[in-house]
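These are the residues of each chain, in order.
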Amino acid sequence: VFASSFFMLTRWEEYVNKNRDNHNRFPAYESLAYKQGFLDRPVVNEYVEMLWNMFKYLGIKQNRKKREFKLILTHDVDVTYKYKNLLSGSKEIIRNLQNKDIFSAFKNISNKILVHLKLKKDPFNTFDYLMDISEKFGVKSYFFLHSSNSAKQDINNDKFLKKVTKKILKRGHLIGYHPSYNAYNNIDLFLKDKEKIENIINYKLTFGRQHFLRFEVPVTWRIWEQAKMDWDSTLSYADKEGFRCGICYEYRVFDIISRRKLNLKEKPLIVMEGSFVTYQPNITPKEMEKKIKNLIEKVKKYNGEFVFLWHNSSFGGSWKRLEYIYEKVIEK
């Protein structure tokens, strides 16, 4: 039991198994949990329950730490504008025309013109909507910001970040750090970008998540520790929802090379909408909703934290058919 929990929590298998995807990430299909069919189970929580029941049977009289189920809503702000300039959005319009989808092409052209004329809000400017939904159900939204151009995967708008941060903080929501694409194993870049954002928004960043969920054991955790961050929430597989660390609680991480416990905590991500849209493109909205609700029930069983990621830019376009799921999941 202890060996299995250590294996899951430290991500030991990711250190010894060097197979990676095209973003240098350890993919779900390489994990033991996926291969053996228990990625959708918080097995470490199951082990804890088993041990506790054994102790009770043997007559232990200690009180157990009480926990309450929490919904942690997070939003990685990868892109702030869909129509930032005259060329932006043109690829989607060309794709519409190539597919002979005249209706969608006309709609996208109309939206683009209205946004540029400032007669309509940009489709990716969903911050008010996200905060409205959170407030409706009595929870907070965590917005993870990044500001770098170190790779083509990094897109930012510093002026907009400053403006939207004021609004987020004024409404009582939270701001976190979303390090750039290449910062997961580069401490200098990590610190440089962090300082840049903090200067732009005049706010200290103490938690967040890696861009593209890029992560390297134990390098990434060491970087976050050196940067004196409180917690990270990177650990979910990009290509599959579930319990990458086998747990639905926040926990202090352990460096398997230096053999020491770090001050940094990991708050495992359970579901990212992109795991369905990008890697399971044929999934129906009903199937997606059912899978997410099933994971929620498992987290509730252990009074854990259901960490949910839905990007600000995941509304409209090809994702339109899945929009309603966001509010339904929160309502659940």
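Residues numbered from 1 in each chain as written. Predicted model: local features only at pLDDT ≥ 70, side-chain atom pairs only at ≥ 80, totals over all residues. Heavy atoms only, no water.

**Details of the state of the cysteines**
Inspection of every chain in the model, using the stated rule, returns 0 disulfides. Cysteine Cys-245 is unpaired, with the sulfur of Cys-248 as its nearest cysteine sulfur at 11 Å. Among the residues examined, Cys-245 registers a relative accessible area of 0% and is labelled buried. (Disulfide = S-S within 2.5 Å. Buried < 20%, exposed > 50% of the residue type's maximum accessible area, 1.4 Å probe, protein only.)

**Some remarks on unusual backbone geometry**
Of the consecutive residues Val-217 and Pro-218, the connecting peptide bond is found in the cis state with omega at -10 degrees. Mapped onto the fold, Pro-218 is located in the loop between strand S4 (207–208) and helix H10 (219–226). Phi at Asn-24 takes a positive value of approximately 60 degrees, unusual for a residue other than glycine. In this structure, Asn-24 sits in the loop between helix H2 (12–16) and helix H3 (32–35). Notably, Asn-303 is not glycine yet its phi reads approximately 50 degrees, a positive angle. By secondary structure assignment, the location of Asn-303 is in the loop between helix H12 (285–301) and strand S9 (305–309). The exposure class assigned to Asn-303 is partly exposed, which follows from its relative accessible area of 35%. (Helix = DSSP H or I, 4+ residues; strand = E, 2+ residues; numbered from the N terminus.)

**Thoughts on the nonpolar core**
Membership of the largest hydrophobic core comes to 70 residues, with the highest contact counts inside it found for Phe-143, Ile-292, Phe-306, Phe-308 and Tyr-326. Once residues lying within four places of it in the same chain are set aside, the contact partners of Phe-143 are His-75, Val-77, Phe-127, Leu-130, Met-131, Ile-168, His-173, Leu-174, Ile-175 and Gly-176. Ranked by size, the runner-up nonpolar core spans 11 residues in total, among them Leu-213, Trp-231, Ala-238 and Leu-309. (Core = buried A, V, L, I, M, F, W, Y, C linked by side-chain atoms within 4.5 Å. Contact = heavy atoms within 4.5 Å.)

**Quick look at a nonpolar patch on the surface**
On the surface, a cluster of nonpolar side chains totalling about 660 Å² of accessible area is made up of Val-1, Met-50, Met-54, Phe-55, Tyr-57 and Leu-58. Checked against the element boundaries, Leu-58 lands in the loop between helix H4 (43–57) and strand S1 (70–77). Judged by its relative accessible area of 69%, Leu-58 falls in the exposed class. (Patch = residues over 30% accessible without salt bridge, like charges linked within 9 Å, V, L, I, M, F, W, Y side chains within 5 Å. Areas by Shrake-Rupley, 256 points an atom, 1.4 Å probe, with all protein chains shown as cover. Salt bridge = Lys/Arg side-chain N within 4 Å of Asp/Glu carboxyl O.)

**Some details on the layout of surface pockets**
There is about 510 Å³ of room inside the second largest pocket. As for the second largest pocket, its lining consists of 23 residues, of which Val-44, Val-48, Arg-64, Arg-67 and Tyr-249 are closest to the centre. Breaking the lining of the second largest pocket down by element, the ones donating at least two residues are helix H1 (2–10) and H4. A total of 8 residues in the lining of the second largest pocket trace back to one element, the largest contributor, which is H4. (1 Å grid on protein atoms, 1.4 Å probe; cavity = no way out; pocket = protein on both sides within 12 Å on 5 of 7 lines; lining within 4 Å. Points joined across faces, edges and corners; volume = space filled by probe spheres on them.)

**Points about the side chain of His-75**
Along the chain, His-75 turns up in strand S1. At 2.9 Å, the side chain of His-75 forms a polar contact with the backbone oxygen of Trp-310. Among all residues touching His-75, those that are not within four sequence positions of it are Leu-130, Ser-141, Tyr-142, Phe-143, Phe-144, Leu-309, Trp-310 and Tyr-326. (Polar contact = N/O pair within 3.5 Å; in protein donor to acceptor, adjacent residues only side chain to side chain.)

**Considerations on the pairing of S9**
Within a regular beta strand, the side chains point alternately toward one face of the sheet and then the other, so they alternate between its two faces. Of all 5 residues making up S9, 5 are buried, and the element is well covered by its neighbours. Alignment of S1 against S9, held across 5 bridges, turns out to be parallel. When the bridges of S9 are listed, Leu-73 appears paired with Phe-308. Where strand S8 (residues 271–272) meets S9, 2 bridges bridge the pair, whose relative direction is parallel. Counted as the bridge partner of Val-271 is Phe-308 from S9. (Pairing = 2+ DSSP bridges.)

**Some details on the environment of Ile-296**
Relative to the elements of secondary structure, Ile-296 occurs in helix H12. For the pair Ile-296 and Phe-308, spaced 12 residues apart in the sequence, the C-alpha separation amounts to 9.8 Å. Filtering out sequence-adjacent residues up to four positions away, Ile-296 remains in contact with Phe-69, Phe-306, Val-329 and Lys-332.

**Topic: empty space enclosed by the protein**
For the structure shown, the criterion picks out 1 cavity of 30 Å³ or more. In this structure, the largest cavity is lined by Asp-21, Arg-25, Phe-26, Pro-27, Leu-213, Ser-236, Tyr-237, Ala-238, Asp-239 and Arg-244. Looking at the lining of the largest cavity, its residues break down into 5 nonpolar, 1 polar and 4 charged. (Nonpolar A, V, L, I, M, F, W, Y, C, P; charged D, E, K, R; others polar.)

**Concerning the packing of aromatic side chains**
One pass over the full model with this rule turns up 19 aromatic pairs. Their ring planes at 45 degrees and their centres at 6.2 Å tell us that Phe-26 and Tyr-237 sit as a pair that is tilted. With a gap of 211 residues between them, Phe-26 in the loop between H2 and H3 and Tyr-237 in the loop between strand S5 (231–232) and strand S6 (251–255) connect regions that are remote in the sequence. Tyr-237 matches Phe-26 in its accessibility class, with the two residues each being buried. Taking the centre distance of 5.8 Å and the plane angle of 70 degrees together, the rings of Tyr-142 and Trp-231 count as edge-to-face. Of this pair, Tyr-142 sits in strand S2 (residues 141–145) while Trp-231 sits in strand S5, and the two are 89 residues apart along the sequence. On the accessibility criterion, Trp-231 (10% relative accessible area) is buried. (Phe/Tyr/Trp six-rings, centres within 6.5 Å; stacked < 30°, edge-to-face > 60°.)

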